[in-house]
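If you want the building blocks of each chain, they are given just below.
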Amino acid sequence: MYFTRFSAILGSSQSFTPSSSPGPKSLEARGMEDNLPVNVREYQELAEKALPKMYYDYINGGAEDEHTLRENIAAYGRILLRPRVLIDVSKINMSTSLLGYDMSSPIMVAPTGAHKLANPEGEVATARAAAACNTIMVLSFASSCKIEEVASSCNAIRFYQLYVYKRRDVSATLVRRAESLGFKAIVLTVDTPVLGRREADIRNKMIFPQPGNVVDLMSLDNDLGAEGGSKLEQFARETLDPSLSWKDVEWLKSITSLPILLKGIVTAEDARKAVEAGAAGVIVSNHGARQLDYAPATISALEEVVKAVAGAVPVLVDGGVRRGTDVFKALALGAKAVMVGRPVFFGLAARGEAGARHVIEMLKNELELAMALCGCRSVAEVTRAHVLTEGDRIRALL
Ligand SMILES: Cc1cc2nc3c(=O)[nH]c(=O)nc-3n(C[C@H](O)[C@H](O)[C@H](O)COP(=O)(O)O)c2cc1C
Ligand SMILES: CCCCC(=O)C(=O)O
């Protein structure tokens, strides 16, 4: 259905050129093929046209007044770049590594649930896109596809995102399955003891398909939605364990030998606790502004967390990354890598695997350009001195 709508938008001749075919690929990589989107915003526009409103609103929306949703993006706009010139930038190396795993750039795929809402291939398509870009995908606990399907879809480094359910056995089973299927780390989401209030989903009476992995492991109330409102909210109320606390990090460590990253930290206090608790990494995230409205924009919280962690473990950030310059700013403020959520989802909705891949490639190309124009030849050369934050400007006035 989505493809039909999409061809109506692009014209039937605009099918994706597989990467194996020579000529057109390089044009596409530079976004110069006729009618292909040239930036994330254009992918978002195509996704909005391609998707039923209920699904687009679910993906795009945030919590309550959507203040944090706007801020996640706006705060990047308030950070300026301080380019250095007359540096030989004929060779740019964007590669980096996380927990010992190499990536072609510091741009990873954030865990987002229910990819079949965007494309019938679901997370299998996203995983292939991430693999083609040599980057790490974090597979959502709420994925449409089963974890085994994604694991066998392509050879890639993958992390597994975990929600802790009231039914601990369900969460534990999936952690063990992830471990045996070769996932390299567990990303424990800590900002969702209960679901945020997403008013578009309430208004649309959002129908949330039961995640592929959960269907066989537990029986859920088939009548979800009978009271009206968001079925996702009812699903979350039925499943998520709101008693989740720091001691459960110990529990998780007792059932897996995989490194554990904590996703959803925005304060120095919690960052320090995460390190004390033995986290292998901290992800500065406000869940794409879908949980607590008026939480800080993640790029504004990043430096506080980086300072608190003091190099003990890598710090990642997600939320609002829409440009290569955003990635550059995050690196300058101390992130090891960024994760992108909605942009990849929009690419998937607009053009399936090819779209998800193109979104990651565009962001990579934009990062490469930002690095060249700032005089940075490697990610290690991107420093705090390359950005000017609001805080810097205020301090300069004092
Ligand atoms: C549609 C959607 C579904 C999401 N599902 C999950 C999820 O299952 N688990 C999770 O930890 N985070 C989830 N997130 C949050 C993302 O991992 C990430 O924090 C966020 O999307 C980053 O912001 P961005 O979309 O502006 O890049 C979801 C976000 C979106 C937009
Ligand atoms: C139980 C929540 C599943 C998906 C999710 O995390 C989101 O929509 O933000």
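Residues numbered from 1 in each chain as written. Chains lettered and ligands numbered in written order. Predicted model: local features only at pLDDT ≥ 70, side-chain atom pairs only at ≥ 80, totals over all residues. Heavy atoms only, no water.

A short note on the UniProt feature "active site" (unreviewed entry) in the protein
Phase 1: When the UniProt feature table is mapped to this numbering, "active site" (unreviewed entry) covers His287.
Phase 2: Following the sequence through the fold, His287 ends up in the loop between β9 (281–284) and α14 (298–309).
Phase 3: In this structure the side chain of His287 is engaged in a polar contact, spanning 3.1 Å, whose partner is the side chain of Thr192. (UniProt positions renumbered as here; feature names shortened; annotations may be inferred. Helix = DSSP H or I, 4+ residues; strand = E, 2+ residues; numbered from the N terminus. Polar contact = N/O pair within 3.5 Å; in protein donor to acceptor, adjacent residues only side chain to side chain.)

Description of the site of ligand 2
Phase 1: Taken together, Tyr58, Ala142, Tyr163, Leu195, Arg198, Leu232, His287 and Arg290 are the residues near ligand 2.
Phase 2: The side chain of Arg198 places a nitrogen or oxygen atom 2.8 Å from an oxygen atom of ligand 2.
Phase 3: With respect to ligand 2, the side chain of His287 contributes an N or O atom lying 2.9 Å from an oxygen atom.
Phase 4: Considered on its own, ligand 2 offers 290 Å² of accessible surface; in the complex 95% of this is hidden by protein.
Phase 5: For the shell around ligand 2, a count of residues per class yields five nonpolar, one polar and two charged. (Near = heavy atom within 4 Å. Areas by Shrake-Rupley, 256 points an atom, 1.4 Å probe, with all protein chains shown as cover. Nonpolar A, V, L, I, M, F, W, Y, C, P; charged D, E, K, R; others polar.)

Things to note about the site of ligand 1
Phase 1: Taken together, 24 residues sit near ligand 1, with Pro111, Ser140, Thr189, Asp318 and Arg322 positioned nearest.
Phase 2: A distance of 2.7 Å separates an oxygen atom of ligand 1 from a polar side-chain atom of Asp318.
Phase 3: In the complex, the protein chains occlude 98% of the 590 Å² of accessible area that ligand 1 would expose alone.
Phase 4: Secondary structure elements with two or more residues in the shell around ligand 1: α4 (53–60) and α16 (342–374).

Points about α14
Phase 1: For α14, spanning 12 residues, the distance from its first C-alpha to its last is 16 Å, which sits close to the expected 16 Å at 1.5 Å a residue.
Phase 2: Considered for burial, the residues of α14 that qualify are Thr298, Ile299, Ala301, Leu302, Val305, Ala308 and Val309. Seen from one end, α14 has its buried residues packed into an arc of 155°, which puts them on one side.
Phase 3: Tucked inside the fold, the buried residues of α14 contact α5 (67–77), β8 (260–265), α13 (268–276), β9, β10 (315–318) and α15 (324–332). (Expected span 1.5 Å × (residues − 1). Buried < 20%, exposed > 50% of the residue type's maximum accessible area, 1.4 Å probe, protein only. Arc of directions from axis to C-beta. Contact = heavy atoms within 4.5 Å.)

Thoughts on the packing of aromatic side chains
Phase 1: Scanning all chains against the criterion turns up seven aromatic pairs.
Phase 2: Ring geometry for Phe141 and Tyr165: centres 4.9 Å apart, planes at 90°, overall edge-to-face. Of the two residues, Phe141 sits in the loop between β5 (137–139) and α7 (147–153) while Tyr165 sits in the loop between β6 (158–162) and α8 (168–180), which places them 24 residues apart along the sequence.
Phase 3: We classify Phe141 as buried; its relative accessible area is 0%.
Phase 4: Note on Tyr165: relative accessible area 1%, which makes it buried.
Phase 5: By way of ring pairs, the aromatic residues Phe141, Tyr160, Tyr163, Tyr165 and Phe183 are connected into one cluster.
Phase 6: Geometry around Phe183 places Arg158 over its ring, the cationic atom sitting 5.7 Å from the centre.
Phase 7: Directly above the ring of Trp251 sits Arg168, whose terminal nitrogen or CZ lies 4.9 Å from the centroid. (Phe/Tyr/Trp six-rings, centres within 6.5 Å; stacked < 30°, edge-to-face > 60°. Lys NZ or Arg CZ within 6 Å of the ring centre and 35° of its normal.)

Here's the deal with the pattern of salt bridges
Phase 1: Per the counting criterion, the structure on display carries 18 salt bridges.
Phase 2: Two residues, Arg357 and Glu361, come together in a salt bridge whose shortest N-O distance is 3.1 Å. Of the two residues, Arg357 and Glu361 both sit in helix α16, four residues apart, roughly one turn of that helix.
Phase 3: For Arg357, a relative accessible area of 13% gives the class buried.
Phase 4: A salt bridge links Arg377 to Glu381; the nearest nitrogen and oxygen atoms lie 3.1 Å apart.
Phase 5: With a relative accessible area of 34%, Arg377 lands in the partly exposed category.
Phase 6: Accessibility expressed as a relative area gives 28% for Glu381, which makes it partly exposed.
Phase 7: Taken together, the salt bridges that share partners define one network made up of Glu303, Arg384, Asp392 and Arg395. (Salt bridge = Lys/Arg side-chain N within 4 Å of Asp/Glu carboxyl O.)

Focus on the environment of Ala74
Phase 1: Relative to the assigned elements, Ala74 resides in helix α5.
Phase 2: Sequence separation between Ala74 and Gly320 is 246 residues, and the spatial gap between their C-alpha atoms is 8.2 Å.

What about the packing of helix α3 (residues 40–50) against α16?
Relative orientation and spacing of two packed helices are given, respectively, by the angle between their axes and the distance between those axes.
Phase 1: Here α3 crosses α16 at 175°, and the two axes come no closer than 10 Å. As summarised for this structure, α3 and α16 are arranged roughly antiparallel, according to the angle between their axes. Judged by residue contacts, Val40, Tyr43, Gln44, Leu46, Ala47 and Ala50 of α3 engage Pro343, Phe346, Gly347, Ala349, Ala350, Arg351, Gly355, His358, Val359, Met362 and Leu363 from α16.
Phase 2: For the contact of α3 with α16, a count of residues per class yields 12 nonpolar, four polar and one charged. (Axes fitted to C-alpha atoms, helices over the stretch in contact; angles between N-to-C directions. Parallel < 35°, antiparallel > 145°, perpendicular 65-115°, else oblique.)

A word on unusual backbone geometry
Phase 1: Phi at His287 takes a positive value of approximately 65°, unusual for a residue other than glycine.
Phase 2: The phi dihedral of Ala289 is positive, around 60°, even though this residue is not glycine.

Brief notes about helix α12 (residues 247–255)
Phase 1: Where α12 is concerned, the buried positions are Asp248, Val249, Leu252 and Ile255. Each buried residue of α12 sits inside an arc of 125° when the element is viewed along its axis, so together they form one side. When the buried face of α12 is taken as reference, the exposed residues oriented beyond 90 degrees from it are Lys247 and Ser254.
Phase 2: Taken together, the buried residues of α12 touch β6, α8, β7 (186–189) and β8.

Thoughts on the side chain of Asp241
Phase 1: With respect to the helices, strands and loops of the structure, Asp241 is situated in the loop between α11 (231–239) and α12.
Phase 2: Since its relative accessible area comes to 10%, Asp241 is described here as buried.
Phase 3: Side-chain polar atoms of Asp241 contact the side chain of Ser243, separated by 2.8 Å.
Phase 4: Contact partners of Asp241, with chain neighbours within four places excluded, come to Val164, Tyr165, Lys166, Arg168 and Pro193.

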